[in-house]
Amino acid sequence: MRSGETIEPGEPVRVAARELLRLAIAWLGAERGWIAAHPGWLGAAETLLAGAREPEAAGACFVRRFPLKEEGVEIGELGLIWTREPNPEPDASAMPALLRTAAALLRLAREQQASRRLLHVQEQELCRIVLDIHDGPVQDIFAALSQIQLLLRAGPRGRATRRRLEQAARLPERSLTEIRTFIGAFRPPEFEHRPLLAMVHGLILQHEVLTGHEVHLEVEGNLPAPPLPVKIALYRLLQEALNNAARYAGVSRYTVRLRGEPHGLWLEVRDEGQGFDPGRYLENPSPEAMRHFGLRGMRDRAELLGGRFEIESAPGRGTSIRVWLPC
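Since we're looking at a predicted model, the values are computed, not measured. (Residues numbered from 1 in each chain as written. Predicted model: local features only at pLDDT ≥ 70, side-chain atom pairs only at ≥ 80, totals over all residues. Heavy atoms only, no water.)

**Some points on the sheet that holds strand β9 (residues 319-326)**
Item 1. Here we have 5 strands laid out as an open sheet, ordered β5-β6-β7-β9-β8, and mixed in their pairing. Both outer strands of the open sheet, β5 (214-220) and β8 (308-313), are each paired with one neighbouring strand and no more. Going from strand to strand, the sheet's axes swing by 15° on average, the running direction of each strand aside.
Item 2. Taken together, the 8 bridges between strand β6 (residues 253-261) and strand β7 (residues 264-271) define a ladder with antiparallel strand orientation. The residue bridging G260 from the neighbouring strand is L265, located in β7.
Item 3. Relative to β7, helix α6 (residues 228-248) is tilted by about 10°, and along the sheet it contacts β5, β6, β7 and β9.
Item 4. Across the face of the sheet, helix α9 (residues 294-304) comes into contact with β8 and β9 while running at roughly 150° to β8. (Pairing = 2+ DSSP bridges. Helix = DSSP H or I, 4+ residues; strand = E, 2+ residues; numbered from the N terminus. Axes fitted to C-alpha atoms, helices over the stretch in contact; angles between N-to-C directions. Contact = heavy atoms within 4.5 Å.)

**Describing the sheet that holds strand β2 (residues 47-51)**
Item 1. With respect to topology, 4 strands assemble into an open sheet ordered β2-β1-β4-β3, the strand pairing being antiparallel. The outermost strands of the open sheet, each flanked by one partner alone, are β2 and β3 (62-70). Taken pair by pair, the neighbouring strands of this sheet meet at an average axis angle of 20°, ignoring direction.
Item 2. Inspection of the sheet shows strand β1 (residues 32-37) paired to β2 by 4 bridges, in the antiparallel sense. Paired with W34 across the two strands is G51, which belongs to β2.

**Quick word on the side chain of E268**
Item 1. In this fold, E268 is placed in strand β7.
Item 2. Given the relative accessible area of 15%, E268 is considered buried.
Item 3. Of the polar contacts made by the side chain of E268, one reaches the side chain of S320; its length is 2.7 Å.
Item 4. Excluding its chain neighbours within four sequence positions, the residues that come into contact with E268 are T255, V256, R257, S320, I321 and R322. (Buried < 20%, exposed > 50% of the residue type's maximum accessible area, 1.4 Å probe, protein only. Polar contact = N/O pair within 3.5 Å; in protein donor to acceptor, adjacent residues only side chain to side chain.)

**A few points about α9**
Item 1. Of all the positions in α9, only L295, R296, M298, R299 and A302 are classed as buried. The arc enclosing the buried residues of α9, seen along the axis, measures out at 155°, which places them on a common side.
Item 2. Phi for G306, located one or two positions after α9, is positive at around 80°. (Arc of directions from axis to C-beta.)

**Concerning the packing of aromatic side chains**
Item 1. Scanning the model with the defined rule gives 0 aromatic pairs in all.
Item 2. Geometry around W324 places R308 over its ring, the cationic atom sitting 5.0 Å from the centre.
Item 3. Of note, R322 hangs over the ring of W266, and the distance from its end group to the ring centre comes to 4.2 Å. (Phe/Tyr/Trp six-rings, centres within 6.5 Å; stacked < 30°, edge-to-face > 60°. Lys NZ or Arg CZ within 6 Å of the ring centre and 35° of its normal.)

**Some details on the nonpolar core**
Item 1. Core analysis: the largest hydrophobic core is formed by 35 residues, its most contacted members being L242, F309 and L325.
Item 2. Breaking this core down by element, the ones donating at least two residues are α5 (196-211), α6, β6, β7, α7 (279-282), α9, β8 and β9.
Item 3. Residue contributions to this core peak at 10 residues, all from α6.
Item 4. Those residues in contact with F309 that sit more than four places away from it in its chain are L282, L295, M298, R299, A302, I321, R322 and V323.
Item 5. If you look at the next biggest cluster of nonpolar residues, it comprises 26 residues, including A37, L49, L80 and L105. (Core = buried A, V, L, I, M, F, W, Y, C linked by side-chain atoms within 4.5 Å.)

**Quick word on the environment of R84**
Item 1. Among the structural elements, R84 can be located in the loop between β4 (73-82) and α2 (95-135).
Item 2. Residue R84 is classed as exposed on the basis of its relative accessible area, which comes to 64%.
Item 3. Taking C-alpha positions, R84 is 6.5 Å from F62, a pair spaced 22 residues apart along the chain.

**Focus: the pairing of β8**
Item 1. Burial along β8 is one-sided: the face carrying F309, I311 and S313 is buried and the face carrying R308, E310 and E312 is not.
Item 2. Turn length for the β8-β9 hairpin, with the two strands adjacent in sequence and antiparallel, is 5 residues, and the turn residue G316 shows positive phi of about 80°.

**Details of the pairing of β1**
Item 1. Counted residue by residue, β1 has 5 buried out of 6 residues, so it is predominantly covered.
Item 2. In this sheet, β4 lies alongside β1 in antiparallel orientation, the contact comprising 6 bridges. Looking across to β4, one finds that A36 is bridged to E77.

**A short note on the packing of α5 against α6**
Item 1. Contact geometry for α5 and α6: axes closest at 11 Å, N-to-C directions at 20°. It follows from the interaxial angle that α5 and α6 lie roughly parallel. Between α5 and α6 the crossing geometry is right-handed. Here L196, M199, V200, L203, I204, Q206, H207 and T211 of α5 come into contact with α6, specifically with K231, L234, Y235, L238, Q239, L242, N243 and A246.
Item 2. Split into classes, the residues belonging to the contact of α5 with α6 amount to 10 nonpolar, 5 polar and 1 charged. (Parallel < 35°, antiparallel > 145°, perpendicular 65-115°, else oblique. Left-handed = near helix turned anticlockwise from the far one by under 90°. Nonpolar A, V, L, I, M, F, W, Y, C, P; charged D, E, K, R; others polar.)

The following block contains the structure:
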């Protein structure tokens, strides 16, 4: 990250930091300022959470730096700039609470960045598992199927034996089909190089081919270029939402909407199917509900990035899943 470049934490953290900085500027009679982490705290050389850092030599300015600490160790600073020497000096009575709040925002931004890195690591691990499945069990199943087919081609044998061989052959054939479908669905679509919209088009086309269903895509506004963790999350969220619609909605046509905003994007997957009670699976801790962890996984993935997950559904009234992710 270049000096002076602003980090991209989740939108709630950024908004809170801007509001806190605005409050500090107004309360202390300053002109402008910044909230920043020390180099390395957020994994970058220069990490501004709000405002813009300015050198003390920039004009006839008076600059005050207030350290932000965690367990006695400085993790960043609140900087304020006056065009004239502040008079009177800032009242120190409420400064501790303000600085604790600013430090808490830095910690939250760090946690969100760690969550983004975790999602990337999880994606890499998923890709490794897919490769291991392809190079291990798939090859063994294919070899077993080949041996059965050789026995079938070897010539006539008892009717009962041949029937059992044919039944045995169908088992690995079905397993290979299911595993190849899984591998095709979770193969990484070159997340780092492909544009977001191209990835979405590719996923929808793949889903239509595998299911025979129709997916209508609507795009509103200018889609931002999301950072890699957000791009991966949106792809996996859309993948899970499409799979849920195919399995449970009871309809063969549904809609995907993408809407770009200045600091993020919305994803919506909607169907007019049979619907269900979301609370049964999102809030109910029963063993039955625990088996349906896909919705909670979607919610957790969105919240790890500072996003929002919303679902509207009721029996007989269709389902709408909406996700907002910061960019």
